[in-house]
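Chain by chain, the residues run as shown.
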Amino acid sequence: MCSSTGGLGEAIARALAAEGASTVVCGRRGERARQIAAELPTAVGVEVDLLAEDGPARLWEATVAAFGPPDVLVLNGPGPKPGPASGVGPAEVDAALHSLLRQQVRLLGMALPAMRERGWGRILAVGSSGVVAPIPNLALSNLGRAALAGYLKTLAAEVAADGVTVNLLLPGRIETERTTAIDTANAERAGRTLDEVRRASLEAIPAGRYGRPAEFAATAAFLCGGPASYLTGSAVRCDGGYLRGL
Ligand SMILES: NC(=O)c1ccc[n+]([C@@H]2O[C@H](COP(=O)([O-])OP(=O)(O)OC[C@H]3O[C@@H](n4cnc5c(N)ncnc54)[C@H](OP(=O)(O)O)[C@@H]3O)[C@@H](O)[C@H]2O)c1
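Each chain carries its own residue numbering, running from 1 in the direction its sequence is written. Owing to the predicted nature of the model, reporting of local features is limited to residues with pLDDT of at least 70; listing and counting of side-chain atom pairs is limited to 80 or more, with chain, interface and lining totals taken over all residues. For the side-chain quantities, the full set of heavy atoms in the structure was used; hydrogens and water were omitted.

**Q** What is the right way to look at the pattern of salt bridges in this model?
**A** Side-chain pairs of opposite charge can arise where the charged atoms are in close proximity. Whenever a carboxyl oxygen of Asp or Glu lies within 4 Å of a side-chain nitrogen of Lys or Arg, that contact is scored as a salt bridge. Per the counting criterion, the structure on display carries 13 salt bridges. We note a salt bridge from Glu 175 to Arg 198, for which the minimum N-O separation is 3.0 Å. Here Glu 175, found in the loop between strand E5 (164-171) and helix H6 (177-190), pairs with Arg 198, found in helix H7 (residues 194-203); they are 23 residues apart in sequence, far enough to count as distant. Overall, the relative accessible area of 18% leaves Arg 198 in the buried class. Think of it this way: any DSSP run of H or I at least four residues long counts as a helix, any run of E at least two long counts as a strand, and we number them from the N terminus. Whether a residue is buried, partly exposed or exposed follows from its accessible area with a 1.4 Å probe, protein chains only, as a fraction of its type maximum: under 20%, in between, or over 50%, in that order.

**Q** Can you help me understand the state of the cysteines in this one?
**A** One way to say it: the disulfide is the covalent bond shared by the sulfur atoms of two cysteines. Pairs of cysteine sulfur atoms within 2.5 Å are identified as disulfides in what follows. As enumerated under the stated definition, the model contains 0 disulfides in all. For Cys 224, which is in no disulfide, the shortest distance to another cysteine sulfur is to Cys 2 and amounts to 12 Å. For Cys 224, a relative accessible area of 5% puts it in the buried group. Here Cys 238 stays free of any disulfide, with the sulfur of Cys 224 as its closest cysteine sulfur at 13 Å.

**Q** What am I meant to see in H7 here?
**A** Considered for burial, the residues of H7 that qualify are Val 197, Arg 198 and Ser 201. The buried side chains of H7 occupy one side of the element, clustering within an arc of 100° when seen end-on. In H7, those exposed residues whose orientation departs by more than 90 degrees from the buried face are Asp 195, Arg 199 and Glu 203. Only heavy atoms enter the contact rule, under which two residues are in contact if any of them lie within 4.5 Å. On its buried face, H7 sits against H6. Working definition: the arc comes from the directions between the helix axis and the C-beta atoms, pointing outward to the latter.

**Q** It is not clear to me how helix H5 (residues 139-159) should be interpreted in this structure. Could you clarify?
**A** Because an α-helix completes one turn every 3.6 residues, residues spaced three or four positions apart along the sequence face the same direction. Compared with the 30 Å implied by 1.5 Å per residue over 21 residues, the 30 Å span of H5 between its first and last C-alpha is a close match. Considered for burial, the residues of H5 that qualify are Ala 139, Leu 140, Ser 141, Asn 142, Gly 144, Arg 145, Leu 148, Ala 149, Leu 152, Leu 155, Ala 156 and Val 159. Each helix should span, by expectation, one fewer than its residue count multiplied by 1.5 Å.

**Q** How should the pairing of strand E1 (residues 23-27) be read in this particular structure?
**A** In regular strands, side chains alternate between the two faces of the sheet. With 5 of 5 residues buried, E1 lies mostly within the body of the structure. Taking every second residue as pointing to the same face, both faces of E1 are buried, with Thr 23, Val 25 and Gly 27 on one and Val 24 and Cys 26 on the other. Only strands joined by at least two bridges in the DSSP assignment are considered to pair. Relative to strand E2 (residues 43-47), E1 runs parallel, the two being bridged by 5 bridges. What sits directly across from Val 24, in E2, is Val 44. The crossover handedness rule: strands pointing away from the viewer, path from first strand over the helix to second strand clockwise, crossover right-handed. Each parallel crossover has a hand, and for E1 linked through helix H2 (residues 30-39) to E2 it is right-handed.

**Q** Looking at this structure, how should I read the side chain of Ser 129?
**A** Note on placement: Ser 129 falls in the loop between strand E4 (121-126) and H5. Dropping the residues within four chain positions of it, Ser 129 is found in contact with Ile 135, Leu 170, Pro 171, Gly 172, Tyr 242 and Leu 243.

**Q** What should I look at first to understand the site of the ligand in this one?
**A** When we say a residue is near a molecule or strand, we mean one of its heavy atoms is within 4 Å of it. Lining the immediate environment of the ligand, one finds 29 residues, of which Thr 5, Arg 28, Gly 77, Ile 174 and Thr 176 sit closest. For this analysis, a polar contact is any N or O atom pair within 3.5 Å, provided that within protein one partner can donate a hydrogen and the other can accept it, and provided that sequence-adjacent residues contribute only side-chain to side-chain pairs. One of the side-chain nitrogen or oxygen atoms of Arg 28 is found 2.7 Å away from an oxygen atom of the ligand. In this structure, Arg 145 approaches the ligand through a side-chain N or O atom, which is 2.7 Å from an oxygen atom. Here the accessible surface of atoms and residues is derived via Shrake-Rupley with a 1.4 Å probe, and residues count as covered only by protein chains that are part of the display. Relative to its unbound accessible surface of 890 Å², the ligand loses 91% to contact with the protein. Elements that contribute at least two residues to the shell around the ligand include exactly helix H1 (7-18) and H6. Three classes are used, and their members are as follows: Ala, Val, Leu, Ile, Met, Phe, Trp, Tyr, Cys and Pro are nonpolar, Asp, Glu, Lys and Arg are charged, and the others, Gly among them, are polar. Residues belonging to the shell around the ligand are distributed by class as follows: 8 nonpolar, 14 polar and 7 charged.

**Q** Is there a simple way to explain the packing of aromatic side chains in this structure?
**A** For any two aromatic rings, the description comes down to two numbers: the centre-to-centre distance and the angle of the planes. Aromatic contacts are taken between Phe, Tyr and Trp rings whose centres are within 6.5 Å, Trp giving its six-membered ring; a plane angle under 30 degrees counts as stacked, one over 60 as edge-to-face, and the others as tilted. Summed over all chains, the structure comprises 0 aromatic pairs. Here Arg 122 stacks its cationic end above the ring of Trp 120, 4.1 Å away from the centre of that ring. Charges are assigned to positions over rings by a cutoff of 6 Å between ring centre and Lys NZ or Arg CZ, combined with an angular limit of 35 degrees from the ring normal.

**Q** Teacher, can you tell me more about the packing of H1 against helix H8 (residues 213-223) here?
**A** Each pair of packed helices gets described by two things: the angle between the helix axes and the distance between those axes. Between H1 and H8, whose axes approach to 8 Å, the crossing angle comes to 55°. With respect to H8, the element H1 is oriented oblique. In this structure, H1 meets H8 at a crossing whose hand is right-handed. Residue-level contacts link Gly 7, Leu 8, Ala 11, Ile 12, Ala 15 and Leu 16 of H1 to Pro 213, Ala 214, Phe 216, Ala 217, Ala 220 and Ala 221 of H8. A class-by-class count of the residues in the contact of H1 with H8 yields 11 nonpolar, 1 polar and no charged. To get an axis, a line is fitted to the C-alpha atoms, and for a helix only the part in contact is used. The angle between two axes follows their N-to-C directions and goes from 0 to 180 degrees. Should an angle fall under 35 degrees it is taken as roughly parallel, and over 145 as roughly antiparallel, whereas 65 to 115 is taken as roughly perpendicular and any remaining angle as oblique. With the far helix as reference, a near helix turned anticlockwise by less than a right angle produces a left-handed crossing, and one turned clockwise produces a right-handed crossing.

**Q** What should I look at first to understand the sheet that holds strand E3 (residues 72-75) in this one?
**A** Strand pairing in a sheet relies on backbone hydrogen bonds, with the paired strands running either antiparallel or parallel. The 4 strands are arranged E3-E4-E5-E6 in an open sheet whose pairing can be described as parallel. Looking at which strands have only one partner, the edges of the open sheet turn out to be E3 and strand E6 (235-238). Taken over all neighbouring pairs, the strand axes of this sheet differ in orientation by 20° on average, direction set aside. Alignment of E3 against E4, held across 4 bridges, turns out to be parallel. Bridging from a neighbouring strand, Val 74 pairs with Leu 124 of E4. This element, H1, spans E3, E4 and E5 of the sheet and lies at about 165° to E3.

Right, here's the structure in full:
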């Protein structure tokens, strides 16, 4: 379970553990990872910077050492810096693809062979509503997540007959430290209060509120479970109705 010391990743790790999964909790904050793992029935906490060159390999080695090759791989990680599309340079493109595509492809390369051999596996990537409707001022996120979505859709068809499903789960606005940080940055940029920014944001969500991490994680747990065996190649939304297109 990538990046699970906070926010959506932590909620998913807790939901999978509640379903009986042995769980690897990871993040740069090793102490926090170990603390969360200690609260779960069968889990280990691992300090890993997934953006470091050897990050995916370190997570893989710790996972295999603790529990063997995993049945479920949840891809999650930090979002890139906000900013407009105009003015983006090649170095920023490389960095976005490194954090949102390259490291994920590395982990997939390690995890998929055992899943295919066993005839059972679940790959789930945390995406963003920006995959369906690119979000203004999040050019690098829109770029990198669209690339991952295209890759995973291609992969889903290749591994479906081996019992491995590959899906994306798209958050709209789920209440985490990141949403608070983004709202605060937007308020500062626009010279408005955090409350004003929040109210405007809520107006765009038919449910009238931000989602709770546990609601997002419950959807993730379903997609990672046995009953979701015929659901693959999908981008599932958990957004309170935020995305208006069909
Ligand atoms: N929340 C939403 O509504 C929303 C909407 C759209 C997209 N997303 C995307 O979904 C993902 C998760 O969002 P979130 O809201 O849960 O964010 P968050 O609350 O900021 O949590 C981010 C998690 O990533 C970990 N992390 C950060 N850098 C890392 C690194 N280099 N290596 C390993 N782990 C790292 C953090 O742990 P450490 O600090 O311990 O490393 C933390 O566990 C992000 O990509 C975000 O952009 C979220």
